[in-house]
Amino acid sequence: IGDRDKFGLLRRQLHGRSVLPQLAEEEPQRLAPRHLGKSRRRPLRDSIKEGAASMDAATSTPSTTQASSYFHVLAKPTGAVCNLDCKYCFFLSKQALYPESDFRMADDLLELYIRQLLESQPEQVTIAWQGGEPTLMGLDFFRHSMALVEKYSRPGQHVEHTIQTNGTRLDDEWCAFFRQHKFLVGLSVDGPRELHDLYRVDKGGRGTFDKVQRGWE
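Residues numbered from 1 in each chain as written. Predicted model: local features only at pLDDT ≥ 70, side-chain atom pairs only at ≥ 80, totals over all residues. Heavy atoms only, no water.

A. Summary view of the overall build of the protein chain. Looking only at helices and strands, the protein chain has nine helices and four strands in total. Its helices and strands taken in sequence order, the protein chain reads α-α-α-α-β-α-β-α-β-α-β-α-α from the N to the C terminus. In the protein chain, buried positions account for 34% of the 217 residues. Within the protein chain, counting contacts between residues at least 6 apart in sequence, those at least 24 apart form 64% of the total. Carbon and sulfur atoms make up 53% of the accessible area of the protein chain, which totals about 14300 Å². (Helix = DSSP H or I, 4+ residues; strand = E, 2+ residues; numbered from the N terminus. Buried < 20%, exposed > 50% of the residue type's maximum accessible area, 1.4 Å probe, protein only. Contact = heavy atoms within 4.5 Å. Areas by Shrake-Rupley, 256 points an atom, 1.4 Å probe, with all protein chains shown as cover.)

B. Representation of the pairing of strand β3 (residues 158-165) in the model. As defined by bridge partners, strand β2 (residues 124-129) adjoins β3 across six bridges and the pair is classed as parallel. Bridging across to β3, Val 125 finds its partner in Val 159. As for the winding sense of the linkage, the β-α-β connection from β2 through helix α6 (residues 139-152) to β3 is right-handed. Relative to strand β4 (residues 184-187), β3 is paired through four bridges, and the arrangement is parallel. What sits directly across from Ile 163, in β4, is Val 185. After leaving β3, the chain enters helix α7 (residues 172-180) and then returns to the sheet as β4, a path that is right-handed. (Pairing = 2+ DSSP bridges. Right-handed = clockwise from strand over helix to strand, strands pointing away.)

C. The nonpolar core, seen in detail. Counting 24 residues, the largest nonpolar core has Ile 114, Ile 127, Trp 129 and Phe 142 as its most contacted members. Every element with two or more residues in this core is listed here: α5 (107-120), β2, α6, β3 and α7. The leading source of residues in this core is α6, at six residues. (Core = buried A, V, L, I, M, F, W, Y, C linked by side-chain atoms within 4.5 Å.)

D. Quick peek at the confidence of the model for the protein chain. A residue-level look at the protein chain finds 68% of positions with pLDDT of 70 or above and a mean pLDDT of 78. Looking at the elements of the protein chain, mean pLDDT is at its lowest for helix α1 (residues 3-14), recorded as 41, and at its highest for α6, recorded as 97. Low pLDDT (under 50) marks residues 57-67, which in the prediction has zero contacts with non-local residues, meaning those over four places away or in another chain. (pLDDT = per-residue confidence, 0-100.)

E. Representation of the sheet that holds β4 in the model. The parallel open sheet is built from four strands, whose spatial order is β1-β2-β3-β4. With one partner strand each, in any of the chains shown, β1 (73-75) and β4 form the two edges of the open sheet. Averaged over all neighbouring strand pairs, the angle between strand axes comes to 20°, with direction disregarded. Of the strands in this sheet, β1, β2 and β3 touch α5, which is tilted by about 150° from β2. (Axes fitted to C-alpha atoms, helices over the stretch in contact; angles between N-to-C directions.)

F. Just a nonpolar patch on the surface, in detail. A cluster of nonpolar side chains, contributed by Tyr 88, Leu 198 and Tyr 199, occupies part of the molecular surface with about 300 Å² of accessible area. Inspection of the secondary structure assignment puts Tyr 199 in helix α8 (residues 193-199). For Tyr 199, a relative accessible area of 39% corresponds to the partly exposed category. (Patch = residues over 30% accessible without salt bridge, like charges linked within 9 Å, V, L, I, M, F, W, Y side chains within 5 Å. Salt bridge = Lys/Arg side-chain N within 4 Å of Asp/Glu carboxyl O.)

G. Local environment of α7. Those residues of α7 not exposed but buried are Trp 174, Phe 177 and Phe 178. Looking straight down α7, one finds that the buried residues subtend no more than 100° of arc, so they occupy a single side. Among the exposed residues of α7, those oriented more than 90 degrees off its buried face are Asp 172, Arg 179 and Gln 180. The backbone nitrogen of Glu 173 has a side-chain oxygen 3.1 Å away, supplied by the residue at the start of α7, namely Asp 171. Looking one or two residues beyond α7, the residue adopting positive phi is Lys 182, at roughly 55°. (Arc of directions from axis to C-beta. Polar contact = N/O pair within 3.5 Å; in protein donor to acceptor, adjacent residues only side chain to side chain.)

Pasting the structure below:
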């Protein structure tokens with residue numbers, strides 16, 4: 001259906017009556033793709049009628065189920081700050097918007113964030129970290145985060161941890177921490193060396209594939 005048809009359909013719906021049945025009867029030939037044979041046009045009419053029936057049922061019968069309160073939050077504790085200078089990154093320049101910021105999530109804000117997130121969620125909670133480059137916060141920041149999760153999580157509440165990293169700062173200590181707390185780790189790689197190093201470069205313009213590979217290993 002073209003934009004003008006969609007607007008007319010919406011306008012008639014707003015006047016309080018379903019128009020899909022009439023649309024199915026009045027305009028099946030015009031709505032059908034012209035390059036299709038006649039035998040292919042009847043399913044379009046049937047589909048419109050079925051859609052109208054579903055819409056009528058949904059609007060006439062109140063739902064007896066409540067929507068889940070679950071939602072997903074992605075925290076960027078370093079803001080846009082990163083140790084790389086990827087050529088396609090749209091986020092690096094955002095740090096210029098906050099010239100007075102040190103781009104580190106403060107301890108009191110971290111505690112407030114963890115507490116409110118856990119309080120607002122049902123049994124399943126995902127705490128996700130991204131950047132910039134979140135490992136620039138250092139391991140102590142994330143150890144403190146785990147302590148806060150332990151402090152504020154409710155009995156029976158299952159908390160999952162995820163992090164997206166460029167991998168260049170990972171070492172045995174980081175990996176042991178991730179394993180201990182069962183982190184789901186996303187490693188940003190653009191493919192083999194010749195592709196990755198084309199755009200994912202450090203502040204000196206050098207490719208970072210070898211550093212990422214060391215982090216992976």
